[in-house]
Amino acid sequence: MPTTRRAMLAGSAAVATDALLGTSTAQAHPRPGAKPTVVLVHGAFADASGWNDVATRLIRDDYPVIAPANPLRGVASDSAYLASILATLAGPIVLAAHSYGGIVVTNAAAGNPNVKALVYVAAFAPDEGESLLELQTKFPGSKLDEAALDFRPYGEGTVDGYIKKEFFRDVFAGDVPKPAADLMHAGQRPADARALGEPSGAPAWKTIPSYYLAARNDQVLPVAAQRFMARRAGSKIHEVGASHVAMIAQPTVTADLIKRAAR
């Protein structure tokens, strides 16, 4: 390798190392009196943009906010990924999750002393050993069944699930304008179908205060299931007339609940 190129690469590595060390130092010494960092976790068939209107309200009120990509590859692996992100954050954290994101935060927050509150938004809040499919079908009313899904193979013996266009708005986002729902369908991120039956671990809500925004018009996760999980977790419950994507349909209500959890 030419000397000049070797020197450039060495210099780049040094800059990157210094940047990482600088980040670690900053994280180790959060600003006194700083508000909790709000971490917004999306669910399946969605991405972090679903939190945009909520994040806008939180940022306007000076809350540090991050909305990481949820890999949607499986409960254990997604939870481990989120836990690794949380480990880089100093000071108090409020975790807010939608739908499948709920099972991820339930596992990822366990044992992290910085997490001061969990906020479930039409989200799964499982107990140890429970699966998504078990909770989704515990009460009648879900329209997210095999007929509503497209399954596309990837890798060896694995499949991704997508919501079909003709079902998407009715099932997932009934109170979102059709042009917006069409865009959400086009950009949906699929979940590995195996995640539906994967059991959850020891739940963080047993030791961390929780809040729950229940969506009364939810066609994915019946509101009866949401109420059951919220009561079992001892969550402070707020209900809203919204579809499954309550954070999109009711961003002010959602942001206000998160801020309440952050106090």
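Residues numbered from 1 in each chain as written. Predicted model: local features only at pLDDT ≥ 70, side-chain atom pairs only at ≥ 80, totals over all residues. Heavy atoms only, no water.

**Q** So what about the overall build of the protein chain? Which residues, and what values?
**A** Each helix and strand in the protein chain was counted, giving 10 helices and 9 strands. Residues classed as buried in the protein chain amount to 47% of the 263 residues present. For the protein chain, the proportion of contacts with a sequence separation of at least 24, taken over those separated by at least 6, is 72%. As presented, the protein chain carries roughly 12200 Å² of accessible surface, and 58% of it is formed by carbon and sulfur atoms. (Helix = DSSP H or I, 4+ residues; strand = E, 2+ residues; numbered from the N terminus. Buried < 20%, exposed > 50% of the residue type's maximum accessible area, 1.4 Å probe, protein only. Contact = heavy atoms within 4.5 Å. Areas by Shrake-Rupley, 256 points an atom, 1.4 Å probe, with all protein chains shown as cover.)

**Q** Got a sec to walk through the pattern of salt bridges? Specific residues and values, please.
**A** If you walk through the whole model with that rule in mind, you get 11 salt bridges. Note that D170 and K143 form a salt bridge whose closest N and O atoms lie 3.7 Å from each other. A residue pair is termed long-range when its members are at least 10 positions apart, and D170 in helix α6 (residues 165-172) and K143 in the loop between α5 (132-136) and β5 (149-154) qualify at 27 residues. The partly exposed category is assigned to K143, whose relative accessible area is 38%. The partner of K165 in a salt bridge is D182, with the nearest N and O atoms 3.7 Å apart. Placement of K165 in helix α6 and of D182 in helix α7 (residues 178-186) is noted, with a sequence separation of 17 residues between them. Overall, K165 belongs to the partly exposed group, its relative accessible area being 48%. When salt bridges with common partners are traced through the structure, they connect D61, D256 and K259 into a single cluster. (Salt bridge = Lys/Arg side-chain N within 4 Å of Asp/Glu carboxyl O.)

**Q** How would you summarise the packing of aromatic side chains if you had to cite specific residues and measurements?
**A** Enumeration according to the criterion identifies 4 aromatic pairs in this entry. A centroid spacing of 6.3 Å and a plane angle of 85° characterise the contact between F45 and F172, whose relative ring orientation is edge-to-face. Pair noted here: F45 is in the loop between β1 (37-41) and α2 (52-60) and F172 is in helix α6, with a separation of 127 residues, a long-range link. Its relative accessible area of 11% is what places F45 among the buried residues. (Phe/Tyr/Trp six-rings, centres within 6.5 Å; stacked < 30°, edge-to-face > 60°.)

**Q** Quick rundown of the side chain of T254? Include the residues and the values.
**A** Mapped onto the elements of the fold, T254 is located in helix α10 (residues 251-262). When residues no more than four places from it in sequence are discounted, the contact partners of T254 are W51, V54, V121, L213, A246 and M247.

**Q** Describe empty space enclosed by the protein, naming the residues involved and giving the relevant values.
**A** Across all of its chains, the model carries 1 cavity of 30 Å³ or more by this definition. Looking at the largest cavity, its volume works out to about 40 Å³. Forming the boundary of the largest cavity are V41, P68, A69, N70, P71, D78, Y81, L82, I85 and V104. Considering each element in turn, the lining of the largest cavity owes the most residues, 4 residues, to helix α3 (residues 75-86). (1 Å grid on protein atoms, 1.4 Å probe; cavity = no way out; pocket = protein on both sides within 12 Å on 5 of 7 lines; lining within 4 Å. Points joined across faces, edges and corners; volume = space filled by probe spheres on them.)

**Q** Go over the sheet that holds β5, please, and point to the residues and values.
**A** If you walk across this open sheet you meet the 3 strands as β5-β6-β7, and the pairing is antiparallel. Whereas interior strands pair on both sides, the edge strands pair on one side only; in this sheet they are β5 and β7 (191-192). Note that strand β6 (residues 158-163) and β7 share 2 bridges and pair antiparallel. Residue G161 lies in a different strand from β7, and its bridge partner there is A191. (Pairing = 2+ DSSP bridges.)

**Q** Describe the pairing of β5, with residues and values.
**A** The sheet contact formed by β5 and β6 spans 6 bridges and is antiparallel. Residue P153 lies in a different strand from β6, and its bridge partner there is V159. Taking the residues that link successive antiparallel strands as the turn, the β5-β6 hairpin has 3 residues, and the phi of G155 there is positive, at about 65°.

**Q** Pulling in residues and values, what's your account of the layout of surface pockets?
**A** Each pocket or cavity is described by its volume, and for the largest pocket that value is around 420 Å³. F45, Q136, L144, L149 and L196 are the residues nearest the centre of the largest pocket, which is lined by 24 residues in total. Contributing elements (two or more residues each) for the lining of the largest pocket: α5, β5 and β7. Of the residues in the lining of the largest pocket, the class split is 15 nonpolar, 6 polar and 3 charged. (Nonpolar A, V, L, I, M, F, W, Y, C, P; charged D, E, K, R; others polar.)

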